[in-house]
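Fold and geometry: a report
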Amino acid sequence: MPQKPKVLVVGPVPPPVGGVETQISTLLSSALAERFELVHCNTSKARPKQTQGKFDVGNIVWAMRHFRRLRADIQEHQPDVVYMPVSSTYAGFLRDAVFAVIVNRHRRLLVGHVHGGDFDRLYATVSRPVKRLIVRTLNRCDVVCALGTMWEKLFRTVGVRAAVRIVPPTSHREIFECGNQITRSPEGPRGDSGPPVTILFVGQVGKRKGAF
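Reference entry: report on the structure contained in this document.

What counts, and at which threshold
Residues numbered from 1 in each chain as written. Predicted model: local features only at pLDDT ≥ 70, side-chain atom pairs only at ≥ 80, totals over all residues. Heavy atoms only, no water. Helix = DSSP H or I, 4+ residues; strand = E, 2+ residues; numbered from the N terminus. Contact = heavy atoms within 4.5 Å. Areas by Shrake-Rupley, 256 points an atom, 1.4 Å probe, with all protein chains shown as cover. Lys, Arg positive; Asp, Glu negative; His and termini not counted. Charge placed at Lys NZ, Arg CZ, Asp CG, Glu CD. Axes fitted to C-alpha atoms, helices over the stretch in contact; angles between N-to-C directions. Parallel < 35°, antiparallel > 145°, perpendicular 65-115°, else oblique. Left-handed = near helix turned anticlockwise from the far one by under 90°. Nonpolar A, V, L, I, M, F, W, Y, C, P; charged D, E, K, R; others polar. Core = buried A, V, L, I, M, F, W, Y, C linked by side-chain atoms within 4.5 Å. Buried < 20%, exposed > 50% of the residue type's maximum accessible area, 1.4 Å probe, protein only.

Points about the overall build of the protein
Counting its regular elements, the protein contains eight helices and six strands. The principal-axis extent of the C-alpha atoms belonging to the protein is close to 70 × 40 × 35 Å. Within the protein, residue pairs in contact and separated by at least 24 positions form 69% of the contacts whose partners lie at least 6 positions apart. Approximately 13000 Å² of the protein is accessible, and the part contributed by carbon and sulfur atoms is 56%. When the 31 basic and 16 acidic side-chain charges of the protein are each reduced to a single mean position, those positions are 11 Å apart.

Next up, the structure:
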């Protein structure tokens, strides 16, 4: 490895806003750029969010474009490592399986990052040949990143031999720093404890999506 390895980051960026889009944009704008030379292979699609994960002509056309783009980016930039998210939808995973084959054929180290909280359901609902494809694809990775130990246990159970690393969910650093600076006095205007503060969090917290 060179002193500053080159990493090809494969994935979409907003718009539209989504979990993987946020992850990729966060990585590209993070302090990792100080340790690695980051290059982006943009797999964004000019299609509505609700079309993601579906088998239709539009997604097939975009997949073919992205296969060509990945090959071209690897040949042009000659990365040391390729990082890519791994989809939990059937159609998305088939696309990512082809991505993994392309990276392997170019003999690059591959880091696959399983983001979705439905990967076990995907595995449970597909046929045996597709189950074997899922395991074979994850084994094409040198490292598989997962959001929690439940996923590591699942991967080992189904036969994944690649190294599995637990990584936390990603958020923009400025959001964390801004929230960390907010303070509120526990006392009310008359020196009493004041009314309780109720916070509604909309999102997923639990084993499926990892925990801080």
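Quick notes on the packing of helix 3 (residues 57–77) against helix 4 (residues 90–105)
Where helix 3 meets helix 4, the closest approach of the two axes is 10 Å, and the angle between their N-to-C directions is 20°. With respect to their mutual orientation, helix 3 and helix 4 come out roughly parallel. When you trace helix 3 past helix 4, the crossing you get is right-handed. In this structure, helix 3 uses Ala63, His66, Phe67, Leu70, Arg71 and Ile74 to contact helix 4, whose residues at the interface are Arg95, Val98, Phe99, Ile102 and Val103. Partitioned by chemical class, the residues of the contact of helix 3 with helix 4 number eight nonpolar, one polar and two charged.

Comments concerning the nonpolar core
One finds Leu70, Phe119, Ile134, Leu138 and Phe155 to be the most contacted residues of the largest nonpolar core, which totals 36 residues. With six residues, helix 4 is the single largest residue contributor to this core. For Leu138, the contacting residues outside a window of four places in its chain are Val86, Val114, Phe119, Val144, Phe155, Val160 and Ala162.

Re unusual backbone geometry
Omega for the peptide link from Pro14 to Pro15 comes to -5°, which places this bond in the cis form. Within the secondary structure, Pro15 sits in the loop between strand 1 (6–11) and helix 1 (19–28). A cis geometry characterises the amide bond from Pro15 onward to Pro16, with omega recorded as -5°. Tracing the backbone through its elements, the reader meets Pro16 in the loop between strand 1 and helix 1. At Gln78, a position not held by glycine, the phi torsion is positive, near 50°. Relative to the helices and strands, Gln78 is located in the loop between helix 3 and strand 3 (81–86). Positive phi, normally seen in glycine, also occurs at Arg107, with a value near 55°.

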